[in-house]
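Next come the chains, spelled out residue by residue.
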Amino acid sequence: MKRMSLRKVSLSLIPVFGLVLLVPSLQARPKLSPKQQQAVTEAVGTLTSFSTLREGLASTLEGQEEVTIEDFRRVCAPIGQQVRAWAEEKGYQAKQVSTRYRNPNNKASEEEARELAWLKANPNLKMQARPGQIKVNEEMISGVHLYVPIRVASSCLHCHGAQDSRPEFVRQNYPEDKAHGFKTGDLRGMYSVFIKD
Ligand code: HEC
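Bear in mind that the values here come from a model prediction, so they are computed numbers and not experimental data.

In this section: the packing of helix H2 (residues 34-59) against helix H4 (residues 76-90). Angle between the axes and distance between the axes: these two values describe a pair of packed helices. The N-to-C vectors of H2 and H4 enclose an angle of 165°; their axes lie 10 Å apart at closest approach. Put simply, H2 runs roughly antiparallel to H4. Read as a crossing pair, H2 and H4 show a hand that is right-handed. Between H2 and H4, the residues in contact are Thr46, Phe50, Leu53 and Arg54 and Cys76, Ile79, Gln82, Val83 and Trp86, respectively. Grouping the constituent residues of the contact of H2 with H4 by class yields six nonpolar, two polar and one charged.

Lining the immediate environment of the ligand, one finds 28 residues, of which Cys76, Arg102, Asn103, Cys156 and Cys159 sit closest. Secondary structure elements with two or more residues in the shell around the ligand: H2, helix H3 (69-73), H4, helix H6 (157-160) and strand S4 (187-196). Its residues assigned to classes, the shell around the ligand shows 14 nonpolar, nine polar and five charged.

Once that is clear, we can look at unusual backbone geometry. Despite not being glycine, Asn137 has its phi angle at roughly 45°, a positive value. Relative to the helices and strands, Asn137 resides in the loop between strand S2 (128-136) and strand S3 (139-151). Exposure remark for Asn137: the 5 C-beta atoms within 10 Å place this residue in the exposed category. Phi at Glu138 takes a positive value of approximately 65°, unusual for a residue other than glycine. If you trace the backbone, Glu138 turns up in the loop between S2 and S3. Among the residues examined, Glu138 registers 5 C-beta atoms within 10 Å and is labelled exposed.

Rules behind the numbers
- Residue indices begin from 1 for each chain and proceed along its sequence in written order.
- This being a predicted model, a pLDDT of at least 70 is required before a residue's local features are given, and a value of 80 or more before pairs of side-chain atoms are given or counted; all residues contribute to the totals for chains, interfaces and linings.
- As a rule, the C-alpha atoms of each element are fitted with a line to give its axis, helices using only the stretch in contact, and angles between N-to-C directions run from 0 to 180 degrees.
- Secondary structure elements follow DSSP: runs of H or I of four or more residues count as helices, runs of E of two or more count as strands, with numbering from the N terminus.
- Throughout this description, any angle smaller than 35 degrees is read as roughly parallel, any larger than 145 degrees as roughly antiparallel, any in the 65 to 115 degree range as roughly perpendicular, and the remainder as oblique.
- Take the far helix as the reference: if the near one is turned anticlockwise from it by less than a right angle, the crossing is left-handed, and if turned clockwise, right-handed.
- Residues are scored as being in contact if the C-beta atoms we place from backbone atoms lie within 7 Å.
- Charged residues are taken to be Asp, Glu, Lys and Arg, nonpolar residues to be Ala, Val, Leu, Ile, Met, Phe, Trp, Tyr, Cys and Pro, and polar residues to be all remaining types, Gly included.
- Each residue receives a C-beta atom built from its backbone; the residue is near a molecule or strand if that atom lies within 6 Å of it.
- Exposed residues have 12 or fewer other C-beta atoms within 10 Å of their own C-beta, buried residues have 20 or more, and residues in between are partly exposed; the C-beta atoms are placed from the backbone.

Take a look at the structure:
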């Protein structure tokens with residue numbers, strides 16, 4: 001008898017746990033209009049291609065003994081430029097941000113840090129998108145906040161690996177560098193984009 005009722009109790013808990021799991025995922029995915037959805041899909045495609053490009057560029061450093069600022073100029077620097085050029089062309093706002101940043105200009109805001117924590121806890125997520133507003137010149141603009149994770153490939157470790165093995169130019173140019181000590185698969189940061197309606 002006692003056993004039966006215990007089983008009943010645990011069965012009745014299933015919907016409760018289900019709900020607890022469901023609530024955050026519902027919060028994370030509010031409805032977008034079809035037009036917003038289309039812009040998001042397109043932007044995710046572009047940003048993913050930037051990441052693939054960066055991984056390809058970084059993998060050319062394979063086997064290289066010394067990595068210099070010249071290498072940076074053909075790996076992470078061009079990606080930053082491409083993100084800026086794409087955003088300008090589209091009329092979006094876009095940056096790469098991280099809580100473990102190398103350039104302090106790429107420091108995540110409090111809201112972005114919350115998104116990063118969520119993406120870190122959910123390694124299978126490809127993106128997060130939610131409608132919102134930003135203030136530009138005292139004017140409220142409606143659109144979608146889009147966050148796309150940037151994950152660490154083994155080729156990134158030449159410059160974002162162990163603190164002691166960072167290239168000389170990184171030690172010299174970024175005294176407050178936090179973007180080291182990563183392992184393959186870690187969350188490096190994210191693209192943070194505002195797609196105006
Ligand atoms: C040749 C060295 C080098 C390699 C390889 C490299 N990075 Fe970087 N990365 C840098 C430097 C230097 C910066 C700082 C850029 C700046 O000053 O804006 C940076 C910045 C970044 C940023 C911007 C956020 C921040 O910390 O300032 C991201 C994101 C990033 N790297 C991701 C990656 C990923 C992912 C890979 C591998 C696919 C990679 N990097 C490979 C040197 C490198």
